[in-house]
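# Structure at a glance
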Amino acid sequence: DGQNGADGVDGQDGENGAGFDELAKYGYITLEMEGTRADNVAFQDSTSFKFTAVADPQDNQVTSSLVGEDLVYSFNIRRFLSSPDDIFQETTMSIYLEIANPGEVSESLVIFSYDIFDYTVIGDDNKYFELYSNGNNFDPNITNLEISDVAYDTETNHLTFSYTFTVDALANNTGNDLNMSGTVDVIMLEPVVGL
């Protein structure tokens, strides 16, 4: 037998399926993790939560209020790992963020909280664990928290920022310190307030 021929050129990506653009049009949350599993094997994992439950705008809502002299924006963000439904596709990452005076010299973080629900990390050795993790900037188990590059356009409701923090060993499923980081790039929905 002769040698195998050279592989051909990859084909072009197909078009997105019906409904994809509607579910993904409001942006995404990326997540990168680095740590050690419960069986003492080091791991790295990265993913993007990019699907919105379009029938539930409260998962993608921004509101603002005057608190003293500060204008505080509250962002409620939840994204699904895959196309959401009522039973099978419930892996999510949620972030609640309150920022005072975004884009101003006096900008400050008021609240940051996150929740990762039912995310599976699969290793190169075909072993896996499920991750459930949540916390906030007042939680002593969350350290090294940094929210950076916050930008919010009040005309387009476009919000972007980066985050990084460490979850203490006692507060996550791995039993070891877990480093998390990522970016948020989303279009928020603003409720209409009547007179």
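Throughout what follows, the structure given in this document is the object of discussion. (Residues numbered from 1 in each chain as written. Predicted model: local features only at pLDDT ≥ 70, side-chain atom pairs only at ≥ 80, totals over all residues. Heavy atoms only, no water.)

Along the protein chain, the regular secondary structure elements total one helix and 10 strands. Traced from its N-terminal end to its C-terminal end, the protein chain shows the element sequence α-β-β-β-β-β-β-β-β-β-β. Put simply, of all contacts in the protein chain between residues at least 6 apart along the chain, 53% involve residues at least 24 apart. For the protein chain, the computed accessible surface area is about 11900 Å², with 45% contributed by carbon and sulfur atoms. (Helix = DSSP H or I, 4+ residues; strand = E, 2+ residues; numbered from the N terminus. Contact = heavy atoms within 4.5 Å. Areas by Shrake-Rupley, 256 points an atom, 1.4 Å probe, with all protein chains shown as cover.)

It is worth spelling out the packing of aromatic side chains at this point. A complete count under the given rule lists 10 aromatic pairs for this structure. Centre to centre, the rings of Phe43 and Phe129 are 5.3 Å apart; their planes meet at 75 degrees, and the pair counts as edge-to-face. On the criterion of sequence distance, the pair formed by Phe43 in strand E2 (residues 42-49) and Phe129 in strand E7 (residues 128-136) is long-range, its members being 86 residues apart. Across this residue pair, the class does not change: Phe43 and Phe129 are buried. Relative to Tyr152, the ring of Phe75 has its centre 4.9 Å away and its plane inclined at 70 degrees; by these criteria the two rings are edge-to-face. With Phe75 in strand E4 (residues 70-80) and Tyr152 in strand E8 (residues 142-153), this pair connects stretches of sequence that are 77 residues apart. As far as burial versus exposure is concerned, Phe75 and Tyr152 are alike and both buried. Taken together, Phe112, Tyr114, Tyr163 and Phe165 form an aromatic cluster joined through their ring pairs. (Phe/Tyr/Trp six-rings, centres within 6.5 Å; stacked < 30°, edge-to-face > 60°. Buried < 20%, exposed > 50% of the residue type's maximum accessible area, 1.4 Å probe, protein only.)

Its identity as a non-glycine residue notwithstanding, Asn126 has a phi of 65 degrees, on the positive side. Along the chain, the position of Asn126 falls in the loop between strand E6 (108-122) and E7. Take Asn126: its relative accessible area is 67%, and that puts it in the exposed class. Within the chain, Asn144 stands out as a residue other than glycine whose phi angle is a positive 55 degrees. For Asn144, the position within the fold is in strand E8. You can call Asn144 exposed: its relative accessible area is 60%.

Turning to the sheet that holds E6, a few remarks are in order. Within a beta sheet, neighbouring strands are joined by backbone hydrogen bonds and run either parallel or antiparallel to one another. A sheet is described by the order of its strands in space; here five strands give the open sequence E3-E4-E5-E6-E7, paired in antiparallel fashion. The open sheet has two free edges, formed respectively by strand E3 (60-67) and E7, since each of these has just one partner strand. Along the sheet, successive strands turn relative to each other by an average axial angle of 10 degrees, direction set aside. The pairing of strand E5 (residues 92-100) with E6 spans nine bridges and is classified as antiparallel. What sits directly across from Leu97, in E6, is Phe112. (Pairing = 2+ DSSP bridges. Axes fitted to C-alpha atoms, helices over the stretch in contact; angles between N-to-C directions.)

Another point: the environment of Phe75. Overall, Phe75 belongs to the buried group, its relative accessible area being 1%. When residues no more than four places from it in sequence are discounted, the contact partners of Phe75 are Gln61, Val62, Ile95, Tyr96, Leu97, Tyr152, Leu159 and Met188.

Bringing the pairing of E8 into the picture now. In this structure, E8 lies alongside strand E9 (residues 158-167), joined through eight bridges in antiparallel fashion. Counterpart to Tyr152 in the pairing with E9 is Leu159. Connecting E8 to the antiparallel partner E9 that follows it, the hairpin turn spans four residues, and Asn157 within it adopts a positive phi of roughly 60 degrees.

Within soluble globular proteins, side chains that are nonpolar tend to cluster in buried spots. Ranked by internal contacts, the top residues of the largest apolar core, which has 34 residues, are Ile95, Phe161, Tyr163 and Met180. The contacts of Phe161, once residues within four sequence positions are left out, are Ile77, Ile95, Leu97, Phe112, Ile147, Ser148, Asp149, Val150, Gly182, Thr183 and Val184. (Core = buried A, V, L, I, M, F, W, Y, C linked by side-chain atoms within 4.5 Å.)

A separate point is the sheet that holds E9. Taken in spatial order, the five strands line up as E2-E1-E10-E9-E8 in an open sheet, and their pairing is antiparallel. Looking along the sheet, the strands with just one partner apiece sit at the ends: E2 and E8. Along the sheet, successive strands turn relative to each other by an average axial angle of 5 degrees, direction set aside.

Note that every value here comes from positions in space, so none of it alone points to a role or purpose.
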